[in-house]
Amino acid sequence: MISKSFDDLKNENRPAFMYRSDELLENLWPDASELYQLWDSKKAGRKACSRKDLTPREMMKQLPLISIHDVATDPFRLKIRLMGTQFVDAIGMDLTGWFVDEVDKTQHVLERAQWVVSMCEPFVCIGLNLIWSPHDYKHYDSLVLPLTDDQGDVNMILYLNKFY
């Protein structure tokens, strides 16, 4: 699978900002920083941890704003496995069980996910336009963390979002 370069994604997602590597840590809000540190501590020398390395108890504070997507690679698709209650409230619908490509205006979500799957590297987006909310929210921030299977391939993506 070939994904766009990170620089291309950054340019296409403007006016939002995207950060990876050392810049990522500097641009996380407190709940995202805690989740990132948990994820990082569970890697155990791997590029990413797996879903089974994380327990809901460890993520209690973040769970309401988390979503987890299963990754299929041939063809590339994301299936929404889980959506936290505050995430559902923020966008006005529970999409658990849906494929992301079944939702309008998700091309950028899919392109960013392809990059995560290809690179097995986390990133954060700050100030993405929120087009799906029935509330007054206009933007959201998203921490995007790859989760791997036993072979080290990204088979899930964990998102933590903040809506405003």
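The rules behind these values
Counting restarts for each chain: residues are numbered from 1 in the order of the written sequence. The predicted nature of this model means local features are confined to residues of pLDDT at least 70 and side-chain atom pairs, given and counted, to a pLDDT of 80 or more, with totals for whole chains, interfaces and linings taken over all residues. Side-chain figures throughout are based on the complete set of non-hydrogen atoms in the structure, without hydrogens or water. The term salt bridge refers to a side-chain nitrogen of Lys or Arg lying within 4 Å of a carboxyl oxygen of Asp or Glu. Runs of E in the DSSP output that reach at least two residues are strands. Runs of H or I that reach at least four are helices, and both are numbered from the N terminus. Only protein chains enter the accessibility calculation, which uses a 1.4 Å probe. A residue is then buried if its area is under 20% of the maximum for its type, exposed if over 50%, and partly exposed in between. Here, a disulfide means two cysteine sulfur atoms that sit within 2.5 Å of each other. A strand pair is defined by DSSP finding two or more bridges across the two strands. Axis definition: a line fitted to C-alpha atoms, limited for helices to the stretch in contact. Angles are taken between N-to-C directions and run from 0 to 180 degrees. What makes two residues a contact is simply this: any of their non-hydrogen atoms within 4.5 Å.

S.K.: Got a minute to help me understand the pattern of salt bridges in this structure?
M.R.: Oppositely charged side chains are able to pair whenever their charged atoms sit close together. All told, the structure shown has 12 salt bridges when counted by the stated rule. Residue K4 pairs with E111 through a salt bridge whose shortest N-O separation is 3.2 Å. Taken together, the residues K4 in the segment before helix 1 (6-12) and E111 in helix 5 (residues 107-119) connect sequence positions 107 residues apart. You can call K4 partly exposed: its relative accessible area is 31%. E34 is paired through a salt bridge with K61; the nearest N and O atoms lie 3.0 Å apart. With E34 in helix 3 (residues 30-41) and K61 in the loop between helix 3 and strand 2 (66-73), this pair connects stretches of sequence that are 27 residues apart. On the accessibility criterion, E34 (37% relative accessible area) is partly exposed. Ionic contacts of the salt-bridge type, sharing partners, join the residues K4, E12 and E111 into one network.

S.K.: Even after reading the chapter, I still don't get the state of the cysteines, so can you show me in this structure?
M.R.: Disulfide: a covalent bond connecting the sulfur atoms of a pair of cysteines. Following the criterion strictly, the structure yields zero disulfides and no others. Its sulfur unpaired, C49 is 9.5 Å from the next cysteine sulfur, which belongs to C120. Between C125, a cysteine without a disulfide, and C120, which holds the nearest cysteine sulfur, the sulfur-to-sulfur distance is 17 Å. When its relative accessible area of 1% is taken as the criterion, C125 is described as buried.

S.K.: Sorry if this is basic, but what is going on with the sheet that holds strand 3 (residues 76-83) here?
M.R.: Strands pair in a sheet through their backbones, by hydrogen bonds, and they do so in one of two ways: parallel or antiparallel. Read across the open sheet, the six strands follow the order 1-4-5-6-2-3; overall the sheet is antiparallel. Both edges of this open sheet fall to strand 1 (17-20) and strand 3, since each of them pairs with a single strand only. Sheet twist, expressed as the mean angle between neighbouring strand axes with direction ignored, is 25°. Pairing geometry for strand 5 (residues 139-148) and strand 6 (residues 154-163), over nine bridges, is antiparallel. Bridging across to strand 6, T148 finds its partner in V154. Of the strands in this sheet, strand 2, strand 5 and strand 6 touch helix 3, which is tilted by about 5° from strand 5.

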